[in-house]
Amino acid sequence: MSGGPTFGPRYAWYVVLLLTATQLVSYLDRFLPSLLLKSIKADLNATDFEIGLLMGPAFGLFYVLVAVPLGWLADRGSRRLILAAGIALWCTMTVGGAFVLAFVPLFMLRLGVGLGEAAVAPCAVSLISDYFPRETRARAMSVFMAGTFLGAGTAFLAGGPLVAWIGGLPPFELPGVGALRPWQMAFLIVGLPGFALAALMFTVREPPRTERVQGALRTDAGGNASLSAAFGYIRARWRAFGALMLGSSSMVVMGSLTFWNVALFERTWGWGVRDVGIGTGLMLLAGGTLGTLLGIRLSQHWIAQGRKDATFRSLWVGLAIAAPGFAISPLMPTPQLALGALLFAFMGQAVVTPAGPASLSLIAPGQIRSQSTAIYFLVVGACGQIIGPTPVGLMTDLFGDPAKLRYAMAIQAAVVGVLALGIVALGMGAYRRSVEELERLLDECYGRKRADARSSEEGREEKERRVP
């Protein structure tokens, strides 16, 4: 239907694993400030609202603003070069956090981290879609998106003890800079290894772009679709794309509550950053692994049944598992029970996270795949990264008691979860029709090309037979 991959499965999976490592490092950098929250807040004399800005909008603003232009570029240019540049940029910004001691400069550096990380999703989803056929794409996408949980889990599991260890070291002096605080040293240690990953992007070979349709999109002479054409295609199918984007956005909003985990466990149960990091990290890794396996099993089961909405169904199931977990976890009477609820929350999140991009790749034509992915993550990022952590901090400040952080977290998870389940259920039929429409367009397009090729070959053979 799509022309098929031109690289062997072994090399294709090498690229997936490299992209998964990229996702891991990006989430490690993204979650780092949540582990350093207490020290940063004390040194910068910041409020909970300002810390919420640092964990959400500081990263998410550029992440959502530049995602669409980068998607447009990725549909035309070298995706591996865009990825290499993005990785180098966000690692530079993370390392830069080691050399500031004021809220505004740190805020600006986190903007730069978001700018660099905005390159990952449009390029990676596009590459995976071109390396794998539609029938096996969900599995590859699940492995790639598992990097989010590996990165977040590693950040908490290794980051908590790392922060505690750094805090016990004598002051580290840098010539011309002075003594670094423990949280500054953490930025330095986490940021530097990423530059090696940027260099490895040059081992990735660009696959031919697949699943390009004709007639349904306005394209230029080179077969490329403009940004307005991409928006037009999505707008004409707004029920399917809208339900997908809002459902995924709701998951990111609930998942962003994890940024507050260290503060929650410290204020509610008196746990230190080391214990919170280890506990949350273990739940992320366990829940992420179980959820990824469950998501693959569900999608493959429904694909085998011939359901066109297999990945979209997985998204709904993941939301149904995650929402109760995130809502009840902060209200538990003991930290152990809170972690138990988080296990289910992370498991559901791990089902939803790959189901979103996998579902998107099945309704977006090849000409706009990177652009539609960028638009998808723009909406998801705007809701999750900008809105996500901030209302919790604002509600806690309005409550007038830092210990009531738990209620703010529970309220946000419950409201968002109920809305998400309803939106995704209502959009199921529209999504299924959009998958069927694109498959019909691809059959027409590639069937016509195959017929033209056969006709041309038959004409050549007939001509050769007539030559005496």
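What comes next is a walk through the structure. Here the residue numbers are simple positions, counted from 1 along each chain's written sequence. With pLDDT at 70 or above as the cut-off, local features in this predicted model cover only qualifying residues; side-chain atom pairs require 80 or more to be listed or tallied, and sums for whole chains, interfaces and linings still use all residues. Only hydrogens and water are set aside; all other atoms, that is, all heavy atoms of the structure, feed into the side-chain values.

**Quick look at the side chain of Ser256**
Right, on to step 1. Only runs of H or I of at least four residues qualify as helices and only runs of E of at least two qualify as strands under DSSP, and these elements are numbered from the N terminus. Structurally, the position occupied by Ser256 is in the loop between helix H13 (238-255) and helix H14 (261-269).
Right, on to step 2. For the purposes of these results, a polar contact is taken to be a pair of N or O atoms within 3.5 Å, where, inside protein, one atom must be able to donate a hydrogen and its partner to accept one; residues adjacent in sequence count only when each atom of the pair is a side-chain atom. For Ser256, the side chain forms a polar contact with the main-chain oxygen of Val253, separated by 2.6 Å.

**Overview of the pattern of salt bridges**
Right, on to step 1. A carboxyl oxygen of Asp or Glu within 4 Å of a side-chain nitrogen of Lys or Arg is what we treat as a salt bridge. Within this structure, the stated rule accounts for 10 salt bridges.
Right, on to step 2. Between Arg369 and Asp130 there is a salt bridge; the shortest N-O distance is 3.3 Å. In this pair, Arg369 is assigned in helix H18 (residues 369-387) and Asp130 in helix H8 (residues 120-131), connecting sequence segments 239 residues apart. Neither residue differs from the other here; Arg369 and Asp130 are each classed as buried.
Right, on to step 3. As a salt-bridge pair, Asp309 and Arg313 come within 3.1 Å of each other at their nearest N and O atoms.
Right, on to step 4. Relative accessibility under 20% of the residue-type maximum defines a buried residue, over 50% an exposed one, and the middle range a partly exposed one, all with a 1.4 Å probe and only protein chains included. A relative accessible area of 24% means that Arg313 is categorised as partly exposed.

**Brief notes about a nonpolar patch on the surface**
Right, on to step 1. Side chains of Leu246, Leu331, Phe399, Tyr407, Ile411, Val415, Leu419 and Ile423 sit close together on the surface and give an oily, nonpolar patch of about 680 Å² of accessible area.
Right, on to step 2. Here the element with the most residues in the nonpolar patch is helix H20 (residues 405-426); it accounts for 5 residues.
Right, on to step 3. Residue position: Leu419 is located in helix H20.
Right, on to step 4. When its relative accessible area of 53% is taken as the criterion, Leu419 is described as exposed. Residues forming no salt bridge and having over 30% relative accessible area are the ones grouped into patches, like charges within 9 Å of each other and nonpolar side chains (Val, Leu, Ile, Met, Phe, Trp, Tyr) within 5 Å. The Shrake-Rupley method, run with a 1.4 Å probe sphere, supplies the accessible areas, and residue values consider only the shown protein chains as cover.

**Details of the nonpolar core**
Right, on to step 1. Residues grouped as a nonpolar core are buried Ala, Val, Leu, Ile, Met, Phe, Trp, Tyr and Cys residues, joined through side-chain atoms within 4.5 Å. Residues Leu19, Ile40 and Phe326 are the most contacted members of the largest nonpolar core, which totals 147 residues.
Right, on to step 2. Not counting chain neighbours up to four residues away, the residues in contact with Leu19 comprise Leu83, Ala124, Leu127, Ile128, Phe144 and Met201. In what follows, a contact means two residues having at least one pair of non-hydrogen atoms within 4.5 Å.

**Re helix H1 (residues 9-35)**
Right, on to step 1. In a helix, the anticipated span is given by 1.5 Å times the number of residues less one. For H1, spanning 27 residues, the distance from its first C-alpha to its last is 38 Å, which sits close to the expected 39 Å at 1.5 Å a residue.
Right, on to step 2. Note that bend, as reported per residue, equals the angle between axes fitted to the 7 residues terminating at that residue and the 7 residues originating from it. Along its length, H1 shows its largest kink, about 25°, at Asp29, and proline Pro33 lies within four residues downstream of that point.
Right, on to step 3. Here H1 lies mainly inside the structure; 20 of its 27 residues are buried.

**So, the packing of aromatic side chains**
Right, on to step 1. Here a pair means two rings of Phe, Tyr or Trp (six-membered ring of Trp) with centres within 6.5 Å. Their orientation is stacked below 30 degrees between planes, edge-to-face above 60, and tilted elsewhere. The tally for this structure, following the rule as stated, stands at 11 aromatic pairs.
Right, on to step 2. Considering the side-chain rings of Tyr11 and Tyr131, the 6.1 Å spacing of their centres and the 55° angle between planes classify their relative orientation as tilted. Note that Tyr11 is positioned in helix H1 and Tyr131 in helix H8, a separation of 120 residues in sequence. Note on accessibility: Tyr11 and Tyr131 belong to one class, buried.

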